[in-house]
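Descriptive structure summary
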Protein chains: 2
Amino acid sequence: MAWNLNSDRPIYAQILEEIQLRIITGLYKPGAKIPSVRDLATEAGVNPNTMQKALAELERSGLVMAQRTSGRMVTEDMAMIRETRNKIAREQIRDFVDKMQKLGFQKEEIIKLLEQTEGGTV
Amino acid sequence: MAWNLNSDRPIYAQILEEIQLRIITGLYKPGAKIPSVRDLATEAGVNPNTMQKALAELERSGLVMAQRTSGRMVTEDMAMIRETRNKIAREQIRDFVDKMQKLGFQKEEIIKLLEQTEGGTV
DNA sequence: ATTATTGTATCATTAAACTAATACAATTAA
DNA sequence: TTAATTGTATTAGTTTAATGATACAATAAT
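Fair warning: this is a prediction, and the values are worked out from it, not measured in the lab.

**Considerations on the environment of Arg-22 of chain A**
Here Arg-22 of chain A is to be found in helix H1 (residues 11–24). You can call Arg-22 of chain A partly exposed: it has 15 C-beta atoms within 10 Å.

As structure tokens, this is what we get:
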């Protein structure tokens, strides 16, 4: 799994979303330990401080919890994980529809265009 | 029409997109003169240099052209304007579908969710 | 008991984006 | 001809993100 970081948005924000995605998709499982700050930083090719910032922000949402010396755990609350996934999806949909309508596309046109769109990376 | 600028992306990039949108939607019409750098900067509440940067970048795409002292004009090439609109729409669709599939949604699910979505600001 | 690992905190530095103040050049309007 | 308007350039300062280096505290492993 690649981190795929680019420079047009803050690195720590991109990292935050990547880890969130790994939890949502089950790559990091509920209740499981996630790699240490230093290991994750090495893996992503960023400074440990940057990784620490991303993880600290993730903690506010409750998806992960830090235990001072034994590392970080993913929450065991599967309902919260599911809710997070749905919330992100709803935001994506809202943003997408708003932008398309700003460009002058009606809902029906948008759906037609989507039906013509290839599946991509499934 | 509001500019609606926020701080989580470069101001000049948001301005660029807003002006592009005004051309695409016909608020700034083909061949028409657009307000001066200083006027636009005042309207958007940003420094003239920031507005200048956004306009200079927009110029690379050919949507607007600067005439040293008589101001800036929107291109008269309506095909180019239409093409720009379609290109942006294609990018939006691609990004949206990719993100949703990363979250684990199949194409059919995405379309179902969209059908349940309200029209919004039409 | 000692060592290693973990999260966390601190301080300095660099780079980029944005702001600010001003000036210049060219053409239009008076 | 003169004044105003326009795009553009220059230089400096501020803020934020990211890096780098280092240190501390607490617990797990030995």
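**Examining the domain arrangement of chain A**
Residues and elements named next belong to chain A. Segmenting chain A into domains produces domain 1 (11–76) and domain 2 (79–115). Between the C-alpha centres of domain 1 and domain 2 there is a distance of 27 Å. Contacts between the two partners involve six residues from domain 1, matched on the other side by four residues from domain 2. Its residues assigned to classes, the side of domain 1 that touches domain 2 shows four nonpolar, two polar and no charged.

**Considerations on the protein's contact with DNA strand C**
Near DNA strand C, the surroundings consist of 22 residues, among which Ser-36 and Val-37 of chain A together with Pro-10, Thr-50 and Thr-69 of chain B are the closest. The set of elements that each furnish at least two residues to the surface near DNA strand C consists of helix H2 (37–44), helix H3 (48–61) and strand E3 (71–74) of chain A together with helix H1 (11–24) and helix H3 (48–61) of chain B. For the surface near DNA strand C, the element with the most residues is H3 of chain A, which contributes four residues.

**Examining the sheet that holds strand E2 (residues 64–67) of chain A**
Residue and element names in this part refer to chain A. Sheet architecture is open: three strands sit in the order E1-E3-E2, paired in antiparallel fashion. Of all strands in the sheet, those bounded by a partner on one side alone are strand E1 (33–34) and E2. Here E2 runs beside E3; their pairing, made up of four bridges, is antiparallel. Within E3, the position partnered with Val-64 by the bridge is Val-74. In the packing of H3 onto the sheet, the strands contacted are E2 and E3, and the crossing angle to E2 comes to about 115 degrees.

**Details of the packing of helix H2 (residues 37–44) of chain B against H3 of chain B**
When two helices pack together, their arrangement is given by the angle between the helix axes and by the axis-to-axis distance. Residue and element names in this part refer to chain B. Where H2 contacts H3, the two axes come as close as 8 Å, and the packing angle between them is 110 degrees. Judged by the inter-axis angle, H2 sits roughly perpendicular to H3. Crossing handedness for the pair H2 and H3: right-handed. Only Pro-48, Met-51, Gln-52 and Leu-55 of H3 make contact with H2, whose side of the interface consists of Val-37, Arg-38, Leu-40, Ala-41 and Ala-44. By residue class, the composition of the contact of H2 with H3 is seven nonpolar, one polar and one charged.

**Here we look at the packing of H1 of chain B against H3 of chain B**
All names here are of chain B. Across the interface, H1 lies against H3 with an axial gap of 8 Å and an inter-helix angle of 55 degrees. The pairing of H1 with H3 is recorded here as oblique in orientation. In terms of crossing hand, the pair formed by H1 and H3 is right-handed. For the pair H1 and H3, the contacting residues are Ile-11, Tyr-12, Ile-15, Leu-16, Ile-19 and Gln-20 in the first and Thr-50, Met-51, Lys-53, Ala-54, Glu-57 and Leu-58 in the second.

**Observations regarding helix H4 (residues 78–102) of chain A**
When the terminal C-alpha atoms of H4 of chain A are compared, their 36 Å separation across 25 residues agrees well with the 36 Å that a helix rising 1.5 Å per residue should span. Those residues of H4 of chain A that sit buried are Ile-81, Gln-92, Phe-96, Val-97 and Met-100 of chain A. Those residues of H4 of chain A hidden inside the fold are in contact with H1 and helix H5 (107–115) of chain A together with helix H4 (78–102) of chain B. Phi turns positive, to about 100 degrees, at Gly-104 of chain A, one or two residues after H4 of chain A.

**Brief notes about the relation of the copies chain B and chain A**
Relating the two copies of this chain is a rotation about some axis coupled with a shift parallel to it. Screw-axis analysis of chain B against chain A gives a translation of 0.0 Å along the axis, an RMSD of 0.1 Å, and a rotation angle of 179 degrees. Seen this way, the second copy is the image of the first under a two-fold rotation axis. A share of 100% of the interface residues of chain B reappears at the interface of chain A, consistent with the copies meeting face to face through the same patch.

**Description of the protein's contact with DNA strand D**
Among the 22 residues in the neighbourhood of DNA strand D, the closest are listed as Pro-10, Ile-11, Thr-50 and Thr-69 of chain A together with Ser-36 of chain B. At four residues, H3 of chain B tops the list of elements feeding residues into the surface near DNA strand D. Its residues placed into classes, the surface near DNA strand D shows eight nonpolar, 10 polar and four charged.

What counts and how
Residues numbered from 1 in each chain as written. Chains lettered and ligands numbered in written order. Predicted model: local features only at pLDDT ≥ 70, side-chain atom pairs only at ≥ 80, totals over all residues. Helix = DSSP H or I, 4+ residues; strand = E, 2+ residues; numbered from the N terminus. Buried ≥ 20, exposed ≤ 12 C-beta atoms within 10 Å, placed from the backbone. Domains from an automatic or database assignment. Contact = placed C-beta atoms within 7 Å. Nonpolar A, V, L, I, M, F, W, Y, C, P; charged D, E, K, R; others polar. Near = placed C-beta within 6 Å. Pairing = 2+ DSSP bridges. Axes fitted to C-alpha atoms, helices over the stretch in contact; angles between N-to-C directions. Parallel < 35°, antiparallel > 145°, perpendicular 65-115°, else oblique. Left-handed = near helix turned anticlockwise from the far one by under 90°. Expected span 1.5 Å × (residues − 1). Least-squares fit on C-alpha atoms with pLDDT ≥ 70 in both.

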